[in-house]
Amino acid sequence: MMRVLLLGGTTEASALARALVKAEIDAVFSYAGRTDKPVAQPLPTRVGGFGGVAGLVAYLKAEAITHVVDATHPFAAGMSNNAFVACARQDLPLVRFERPPWEPQEGDDWTFVPDLTALPAALPDSPARVFLAIGKQQLALFAAKPQHRYLLRLVDPPRDPLPLPRATVVLARGPFDVAGDTSLMQTHAITHVVAKNAGGSGARAKLDAARALGLPVILADRPDLPGEVAANDVTEVMHWLHHTALRGV
């Protein structure tokens, strides 16, 4: 019997959860626990880390998992690496649900940097008003540029003092639309947009809004992830599950 562990946290993972239910495939949805109130899923759900590779291996054994789908955020490299190692140790099939990265269009003013740590240096030295759309985990990187005023859009209120002396927090949960993001940037007189090149549709609106407003965008490239089996949409993941089941993997 097939039993799938779906490592989620993205819009695409939620869509895949619905597809698994429709196909009547036994599955468990796993959240990392980064937000206080994650989106409800139609599958049995667990929240929190596994305790590294060893903890994940123990979970796979205890829950009789036969297949793993990594549909985590493209920048959740730690979880993706752990899943790859754990599945290799257990000889379990693993597919990475990898949404394509964003590509610039005509009229875009984008600068790419190799990783998150390179983002602050790409900002100007003169004071700017920055829409810092990177979540809450790497905010401390920007303490090196305290002269800027930062706009942060977070799902949950910050629990600890922010490492940025000049920051405004807006609480919101995606997906977002172009009209809303355009209005947000105009209200806060944003001059620069900083983001991760996460891809997907749920958070793309800020890039389209930046183009419409003629604002420069600084994007961090994705980390390299292990493994070669990657699917770009729900249909590909479902085909992969069906194919491995037919092969008896």
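Residues numbered from 1 in each chain as written. Predicted model: local features only at pLDDT ≥ 70, side-chain atom pairs only at ≥ 80, totals over all residues. Heavy atoms only, no water.

Undergrad: Sorry, what's going on with the sheet that holds strand E8 (residues 149–154) here?
TA: Hydrogen bonds along the backbone pair up the strands of a sheet, which may run parallel or antiparallel. Read from one edge to the other, the open sheet built from 6 strands follows the order E6-E11-E10-E7-E8-E9, with strand pairing classed as parallel. One side of each edge strand has no neighbouring strand; the edge strands of this open sheet are strand E6 (110–113) and strand E9 (167–171). The sheet shows a mean angle of 20° between the axes of neighbouring strands, direction not considered. Taken together, the 4 bridges between E6 and strand E11 (residues 217–220) define a ladder with parallel strand orientation. For Val113, the partnering residue across the bridge sits in E11 and is Ala220. Against the sheet, helix H5 (residues 178–187) contacts strand E7 (129–133), E8, E9 and strand E10 (192–196), and its axis sits at roughly 150° relative to E8. (Pairing = 2+ DSSP bridges. Helix = DSSP H or I, 4+ residues; strand = E, 2+ residues; numbered from the N terminus. Axes fitted to C-alpha atoms, helices over the stretch in contact; angles between N-to-C directions. Contact = heavy atoms within 4.5 Å.)

Undergrad: How should the nonpolar core be read in this particular structure?
TA: General note: in soluble globular proteins, nonpolar side chains tend to be found buried as a group. Leu6, Leu16, Leu20, Val69, Val237 and Leu241 are the most contacted members of the largest nonpolar core, which has 21 residues in total. Breaking this core down by element, the ones donating at least two residues are strand E1 (3–7), helix H1 (11–22), strand E2 (26–31), strand E5 (94–97) and helix H7 (234–247). Apart from residues lying up to four places away in sequence, Val237 is in contact with Leu16, Val69, Val95, Phe97 and Ala231. In terms of nonpolar packing, the next biggest core, distinct from the first, is built from 19 residues, Leu132, Phe142, Tyr150 and Leu154 among them. (Core = buried A, V, L, I, M, F, W, Y, C linked by side-chain atoms within 4.5 Å. Buried < 20%, exposed > 50% of the residue type's maximum accessible area, 1.4 Å probe, protein only.)

Undergrad: What's the story with the packing of helix H2 (residues 52–62) against helix H3 (residues 77–90) in this structure? I'm lost.
TA: For any two helices packed against each other, one specifies the inter-axial angle together with the distance between the axes. Two elements in contact, H2 and H3, have axes separated by 9 Å at closest approach and are oriented at 55°. Taken together, H2 and H3 sit at an angle that is classed as oblique. Relative to H3, the crossing made by H2 is right-handed. For the pair formed by H2 and H3, the contact residues are Gly52, Val53, Leu56, Val57, Leu60 and Lys61 on the first element and Met79, Asn82, Ala83, Val85, Ala86, Arg89 and Gln90 on the second. Residues belonging to the contact of H2 with H3 are distributed by class as follows: 8 nonpolar, 3 polar and 2 charged. (Parallel < 35°, antiparallel > 145°, perpendicular 65-115°, else oblique. Left-handed = near helix turned anticlockwise from the far one by under 90°. Nonpolar A, V, L, I, M, F, W, Y, C, P; charged D, E, K, R; others polar.)

Undergrad: Where do I start with the packing of aromatic side chains in this structure?
TA: How two aromatic rings sit relative to each other is given by the distance of their centres and the angle of their planes. Throughout the structure, instances matching the rule amount to 4 aromatic pairs. Pairing Phe50 with Tyr59 gives two aromatic rings, centres 5.2 Å apart and planes at 65°, and the pair type is edge-to-face. Classification of Phe50 by relative accessible area gives buried; the value is 15%. Residue Tyr59 is classed as buried on the basis of its relative accessible area, which comes to 16%. A cation over an aromatic ring shows up here: Arg153 above the ring of Phe176, its NZ or CZ 3.5 Å from the ring centre. (Phe/Tyr/Trp six-rings, centres within 6.5 Å; stacked < 30°, edge-to-face > 60°. Lys NZ or Arg CZ within 6 Å of the ring centre and 35° of its normal.)

Undergrad: Sorry, what's going on with the sheet that holds strand E3 (residues 45–47) here?
TA: Taken in spatial order, the 6 strands make up an open sheet running E3-E2-E1-E4-E5-E12, and their pairing is parallel. The open sheet has two edge strands, E3 and strand E12 (230–231), and neither has a second partner. Examined bridge by bridge, E5 and E12 share 2 bridges and lie parallel to one another. Each bridged residue has a counterpart across the sheet, and for Arg96 the counterpart in E12 is Ala230. Where H2 meets the sheet, it contacts E1, E2, E3 and strand E4 (67–70), and its direction lies at approximately 150° from that of E1. Packing against the sheet, H3 makes contact with E1, E4 and E5, and its axis sits at approximately 160° to E5.

Undergrad: Just checking my understanding: could you explain the pattern of salt bridges for this structure?
TA: Opposite charge on two side chains allows them to pair when their charged atoms are near. According to the stated counting rule, one finds 9 salt bridges in the structure shown. Note that Arg3 and Glu63 form a salt bridge whose closest N and O atoms lie 2.9 Å from each other. Of the two residues, Arg3 sits in strand E1 while Glu63 sits in the loop between H2 and E4, which places them 60 residues apart along the sequence. When the shortest N-O distance is used, the salt bridge between Asp181 and Arg153 registers 2.6 Å. Here the residue Asp181 occupies a position in helix H5, and Arg153 occupies one in strand E8, the gap between them amounting to 28 residues. A relative accessible area of 2% places Asp181 in the buried class. (Salt bridge = Lys/Arg side-chain N within 4 Å of Asp/Glu carboxyl O.)

Undergrad: Where do I start with unusual backbone geometry in this structure?
TA: Trans peptide bonds make up the majority, and among non-glycine residues the majority have a negative phi. In this model, Gly174 is joined to Pro175 through a cis peptide bond whose omega is 5°. Among the structural elements, Pro175 can be located in the loop between E9 and H5.

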